Every structure is written in structure tokens, then in C-alpha cells.
Amino acid sequence: MDPMAHTYDHPGERAADDPIRLLAIRDTPLSVDEVFGAVGDAAAGGTALFVGTVRDHDGGAGVAGLGYSAHPTAEAELRRVAEKVAADFPVRALAAVHRVGDLTIGDLAVVVAVSCPHRAEAFAACRRLIDDLKREVPIWKHQQFSDGTEEWVGVDA
């Protein structure tokens, strides 16, 4: 039996009427606690959280630092992505924040979380949220490598 094929009459088994609790693109440090707190819901049996951090390498090259830039439409696109996830899964609560500006190794770049009635739904919805955010929201990464070279990621030239 498919664990996501449950049919229950309890209202907590369905998506919340307004599950989007926090969406932001910020130039200040991100907080896992803030995002996790935003998706708390008494009807949620599963909460999945993803944290993306700045790592010290990419493609075999050392990374010295990076910066993120966002198009003026990025927050509207983030909302569109979040609304699609909330429409496709029984989301009780959803939150997503992305950092812009200059970041250093270890800084939090993105934090997303989704609460659903069950864990399988929460994992699937969280995965869709981060994947669609990275693919569809116009935020670009400018990496500076240890050898002095640099590259833009996510910008189609």
C-alpha cells in the first residue's frame, strides 16, 4: 500500500488554508531556528528542513567566497514556487529564505522547511521546494576561487 495514499476525514490530514508562513530574500544572516519555528503546526506529523551552506570547494577547485544576487522579481518567483508546492502536497506549513550579498565559507545560503501530516509527504514537498527554488527563482551565484579565478552560476550567457 502506498504510504501517501491515506484517506482520512480529519482536517489535519489536508493542506492548511494558508500554509505559506515565511518567504524572504535577505542580505542578513539566516536562522534555522526562525525557519523551523515558522513551520510548526499541531497537525503536522512530519517536518523536513534543508539547509544550504557555502562550501570550500566546487568542481575540484577551492572556493574563497561567493556572492548571491537576485533579480527584482525573485521574491514573486519564490512565492509562485511555494504556492505550487503547497498546491501539490498536503502542506500544513512552508517557509523559505535565501541569502543575497557576500558570504563566506560556512555561511547559510538557503533554508527551507515544510510540515505535512506525514513524513513521506514532508520529505517530498521539501525536496520539490528546494529543487524548484534553485531551478526557477532568479538568484545567481558569483564564486571566487582560491586561485583568483571566478565564475557566475545560474546565469545563462
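Conventions and cut-offs
- Residues numbered from 1 in each chain as written.
- Predicted model: local features only at pLDDT ≥ 70, side-chain atom pairs only at ≥ 80, totals over all residues.
- Heavy atoms only, no water.
- Salt bridge = Lys/Arg side-chain N within 4 Å of Asp/Glu carboxyl O.
- Helix = DSSP H or I, 4+ residues; strand = E, 2+ residues; numbered from the N terminus.
- Buried < 20%, exposed > 50% of the residue type's maximum accessible area, 1.4 Å probe, protein only.
- Pairing = 2+ DSSP bridges.
- Expected span 1.5 Å × (residues − 1).
- Contact = heavy atoms within 4.5 Å.

**With respect to the pattern of salt bridges**
Line of reasoning, step 1. Evaluation of the coordinates by the stated rule reveals ten salt bridges.
Line of reasoning, step 2. We note a salt bridge from Asp 41 to Arg 21, for which the minimum N-O separation is 3.2 Å. Placement of the pair is Asp 41 in the loop between helix H1 (32–38) and strand S2 (46–53) and Arg 21 in strand S1 (residues 20–26), with a sequence separation of 20 residues.
Line of reasoning, step 3. On the basis of relative accessibility, which here comes to 36%, the residue Arg 21 falls in the partly exposed class.
Line of reasoning, step 4. For Lys 84, the salt bridge is made with Asp 88, and the minimal N-O distance between the two is 2.8 Å. In this pair, Lys 84 and Asp 88 both sit in helix H2 (residues 74–88), four residues apart, roughly one turn of the helix.
Line of reasoning, step 5. When salt bridges that share partners are traced, they join Arg 21, Asp 41 and Arg 92 into one network.

**Focus: the pairing of strand S5 (residues 93–99)**
Line of reasoning, step 1. Buried residues dominate S5, accounting for seven of its seven residues.
Line of reasoning, step 2. Here S5 shows no split at all, with Ala 93, Ala 95, Val 97 and Arg 99 on one side and Leu 94, Ala 96 and His 98 on the other all buried.
Line of reasoning, step 3. The pairing of S1 with S5 spans six bridges and is classified as parallel. Directly across from Ile 20, in S5, lies its bridge partner Leu 94.
Line of reasoning, step 4. Note that S5 and strand S7 (residues 108–116) share six bridges and pair antiparallel. Looking across to S7, one finds that Ala 96 is bridged to Val 112.

**Observations concerning helix H3 (residues 119–136)**
Line of reasoning, step 1. Compared with the 26 Å implied by 1.5 Å per residue over 18 residues, the 25 Å span of H3 between its first and last C-alpha is a close match.
Line of reasoning, step 2. Residues of H3 that are buried: Glu 121, Ala 122, Ala 125, Cys 126, Leu 129, Ile 130, Asp 132 and Leu 133.
Line of reasoning, step 3. Among the structural elements, S2, H2, S5 and S7 are those in contact with the buried residues of H3.

Function-wise, these values are silent; they only describe arrangement.
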